[in-house]
Amino acid sequence: LVHNYGHGGAGITLSWGTSALAADLGVRGHSGPVAVVGAGVMGLTTARLIQEAGFPVTIYTADIPPNTTSNLAGGQWGPTGHYREAFVTPEWRAQYAAALATSWRRFQQLDAARYGVHWLPTYTEADRVRSPGLESYYPDSRLLTRAAHPFAADDLAVYRTMYVEVGRYLNQLARDVLAGGGQIRVRRFASPAELSALPETLLFNCTGLGSRELFGDQELGPVRGQIVMLAPQPEVQYAYTLPAGYMFPRADGIVLGGTFEHGEWSTDPEPATIQHILAAHRQLFADFRCRLNSLAVLPT
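For clarity, every value in this text was computed on a predicted model and none was experimentally measured.

A. Looking closely at the pattern of salt bridges. All chains considered together, the criterion is met by 10 salt bridges. Of the charged contacts in the structure, one is a salt bridge between Arg106 and Glu52, with a shortest N-O distance of 2.5 Å. Of the two residues, Arg106 sits in helix α3 (residues 90-109) while Glu52 sits in helix α2 (residues 41-52), which places them 54 residues apart along the sequence. Take Glu52: its relative accessible area is 42%, and that puts it in the partly exposed class. Residue Asp176 pairs with Arg114 through a salt bridge whose shortest N-O separation is 3.4 Å. Taken together, the residues span a long stretch of sequence, with Asp176 in helix α5 (residues 166-179) and Arg114 in helix α4 (residues 112-115) at a distance of 62 residues. With relative accessibility at 11%, the residue Asp176 sits in the buried group.

B. Focus on the pairing of strand β11 (residues 239-242). Covered by surrounding structure in β11 are Ala239 and Thr241 together with Tyr240 and Leu242, the residues of both alternating faces. Summarising the sheet, strand β4 (residues 117-125) and β11 pair through three bridges and their orientation is parallel. Across the sheet, the residue bridging to Thr122 is Ala239, located in β11. By the bridge criterion, three bridges tie β11 to strand β12 (residues 245-250) in an arrangement that is antiparallel. Within β12, the position partnered with Tyr240 by the bridge is Met247. Between the end of β11 and the start of β12, which pair antiparallel, lie two residues.

C. Structural detail: helix α1 (residues 11-27). Compared with an ideal rise of 1.5 Å per residue, which puts 17 residues at 24 Å, α1 spans 22 Å between its outermost C-alpha atoms and is within 8% of the ideal. Largest kink in α1: about 30°, centred on Gly17. In terms of residue burial, α1 counts as a mostly covered element, since 14 of its 17 residues are buried. Positive phi appears at Gly29, one or two residues downstream of α1, with a value of about 75°.

D. Representation of the environment of Arg105 in the model. Tracing the backbone shows Arg105 in helix α3. For Arg105, a relative accessible area of 47% gives the class partly exposed.

Criteria and thresholds
- Residues numbered from 1 in each chain as written.
- Predicted model: local features only at pLDDT ≥ 70, side-chain atom pairs only at ≥ 80, totals over all residues.
- Heavy atoms only, no water.
- Salt bridge = Lys/Arg side-chain N within 4 Å of Asp/Glu carboxyl O.
- Helix = DSSP H or I, 4+ residues; strand = E, 2+ residues; numbered from the N terminus.
- Buried < 20%, exposed > 50% of the residue type's maximum accessible area, 1.4 Å probe, protein only.
- Pairing = 2+ DSSP bridges.
- Expected span 1.5 Å × (residues − 1).
- Bend = angle between axes of the 7 residues up to and from the residue.

What follows is the structure in structure tokens.
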């Protein structure tokens, strides 16, 4: 049994990388079919890598897209909120670096139209693009003086990164698994004993938050990020991650966000929080110091 879960605000970002680490660990010396438990982004990427390694795979899942937690993600490629400095070791950091590099390469290899992945120039605070060890993941980054951007802020930075239209992305991954000869079976497990009764002798646990009950992982807890989806606006070709929150356009709508709520299990949006998110972004645009089309000067 190999566990692959617990990625905080970096689930989409790290998915191919941690799934590659898990797959490599599991298939050494293995022969025969493989089971993956969970059909979120971790389960689907793990299943695809297992297939690419030459093994037949079956996904067992309580829910399928679009009813998985992964479908609620915003979809920006950028590691955030997935570990605490005081708890990680040098060995963990080495795995993290390997996972980032693998995931970065894999996302760039995907067909943009089929998987809903695209690049956008992104405004952020200057300190973010100076994160030690992460500089290479902020391509084309440059610092901007106050005169070079329209936001009511001092020095900012702009860089390019990938954004994922999550619904399209997960549906395509599921189709890839099925096209590769895999199976997806809807089944809920109540205990590890039920898993041990499966015919497969190699299992990957990708149940995410479900691991708290299924495997008694009491250290695992949720972090809720509420988002607001506005109508699609194809003319918006930039994004930002600022103290007011984040904004990025997708083909299925404009994503507004800004919360990171530890310990909140509910996936129901809170009206007051939604109004706060809208008000914060509305104020950010109200404070613009020049016309919106000034953003067109950013690199594309």
